[in-house]
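Here's the letter readout for the chains.
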Amino acid sequence: NTVNARLTDGTNYGDYASITITDTTPPNSFSISASGVGSSYFTINGSTTDGQSGMNRYEYYVDGSNKGTSNYITGVSAGTHSVYVRAYDNAGNYRQSNTISVTTNVSPSTPSISLNSRTTTSLQIRAMATDGNDGQRHQDYQIIHIIITM
């Protein structure tokens, strides 16, 4: 940025001077987090500000590879990934965020169904599956009305 000034003697005569101000300060520090984690995608959350030249862009990195300027990351393999963001100001300075680990969902296991309890009038059945992030999930079902045909 260039600032121009004119010094006069009160009679409208004077000289001009200019000074160039260079922004060498990176954007402010910031932290990131992940949300919406799926089997091959996730969203990175976080932003910062720059008090001098203003913000230009954010670049998103997964396992050291630049994934572009969209915070919605797709096409990653199942597993744990190292993620960070670089925030650039309009002068080209950048600040790197903290690094986080993001574990994308792996395919769930084959579900199992088991009989929990039974009476002469009802059955309670449990369906279970295991996913790669949250562990075991189950849902209990109770069947009240049974019709047996032979």
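What comes next is a walk through the structure. As a convention, each chain's residues are numbered from 1 in the sequence order in which they are written. Note on the predicted model: pLDDT of at least 70 is required for a residue's local features to be given, and 80 or more for side-chain atom pairs to be given and counted; whole-chain, interface and lining totals, by contrast, use all residues. Only hydrogens and water are set aside; all other atoms, that is, all heavy atoms of the structure, feed into the side-chain values.

1. Some remarks on the pattern of salt bridges
Salt bridge criterion: a side-chain nitrogen from Lys or Arg within 4 Å of a carboxyl oxygen from Asp or Glu. Per the counting criterion, the structure on display carries one salt bridge. In this structure, the salt-bridge partner of Glu59 is Arg57, at a minimum N-O distance of 3.0 Å. Type-normalised accessible area, obtained with a 1.4 Å probe on protein chains alone, sets the label of each residue: buried when under 20%, exposed when over 50%, and partly exposed for intermediate values. Under the relative-accessibility criterion, Arg57 is labelled partly exposed at 32%.

2. Regarding the pairing of strand β1 (residues 2–8)
A pair of strands is labelled paired if DSSP reports no fewer than 2 bridges between them. Secondary structure elements follow DSSP: runs of H or I of four or more residues count as helices, runs of E of two or more count as strands, with numbering from the N terminus. Judged from the seven bridges that link them, β1 and strand β2 (residues 14–20) form a sheet pairing that is antiparallel. In the strand pairing of β2, Val3 is matched with Ile19.

3. Quick look at the environment of Gly36
Within the element layout of this structure, Gly36 appears in the loop between β3 (33–35) and β4 (41–45). In this structure the C-alpha to C-alpha distance between Gly36 and Thr104, which are 68 residues apart in sequence, comes to 9.7 Å.

4. Brief notes about the sheet that holds strand β7 (residues 72–74)
One open sheet accounts for three strands, arranged β3-β4-β7; its pairing is antiparallel. Of all strands in the sheet, those with a lone pairing partner are β3 and β7, marking the two edges. Neighbouring strand axes in the sheet, compared pairwise and without regard to direction, differ in orientation by 35° on average. Inspection of the sheet shows β3 paired to β4 by three bridges, in the antiparallel sense. Residue Ala34 lies in a different strand from β4, and its bridge partner there is Ile44. Between N-to-C directions, angles span 0 to 180 degrees; the directions come from axes that are lines fitted to C-alpha atoms, helices contributing only their stretch in contact.

5. Notes on unusual backbone geometry
Positive phi, normally seen in glycine, also occurs at Asp63, with a value near 50°. Within the secondary structure layout, Asp63 lies in the loop between β5 (55–62) and β6 (65–66). A residue is classified by how much of its surface remains accessible, and Asp63, at 47% relative accessible area, is partly exposed.

6. Things to note about a nonpolar patch on the surface
A patch consists of residues whose relative accessible area exceeds 30% and which take part in no salt bridge; residues with like charges are grouped when within 9 Å of each other, and nonpolar side chains (Val, Leu, Ile, Met, Phe, Trp, Tyr) when within 5 Å. Per-residue and other accessible areas follow the Shrake-Rupley method at a 1.4 Å probe size, with only the shown protein chains counted as cover for residues. There is a patch of nonpolar side chains on the surface, built from Val3, Ile19 and Ile21 and spanning about 260 Å² of accessible area. Here Ile19 shows up in strand β2.

7. Some words on the side chain of His81
With respect to the helices, strands and loops of the structure, His81 is situated in strand β8 (residues 79–89). A polar atom in the side chain of His81 sits 2.6 Å from the backbone oxygen of Ser77. If near-sequence neighbours (up to four positions away) are discounted, His81 is found in contact with Val62, Asp63, Val76, Ile100, Ser101, Val102 and Thr104. Any pair of N or O atoms that falls within 3.5 Å is considered a polar contact. Within protein, one atom must be able to donate a hydrogen and the other to accept it, and sequence-neighbouring residues count only if both atoms are side-chain atoms. Residues are treated as being in contact if the distance between any of their heavy atoms lies within 4.5 Å.

8. Here's the deal with the nonpolar core
Soluble globular proteins tend to bury their nonpolar side chains together. Residues enter a nonpolar core if they are buried and are Ala, Val, Leu, Ile, Met, Phe, Trp, Tyr or Cys, with the set joined through side-chain atoms within 4.5 Å. By size, the foremost hydrophobic cluster in this structure holds 14 residues, and its most contacted members are Ile32, Phe42, Ile44, Ile73, Val83 and Val85. For this core, the elements supplying multiple residues, two or more each, are β4, β5, β8 and β10 (100–104).

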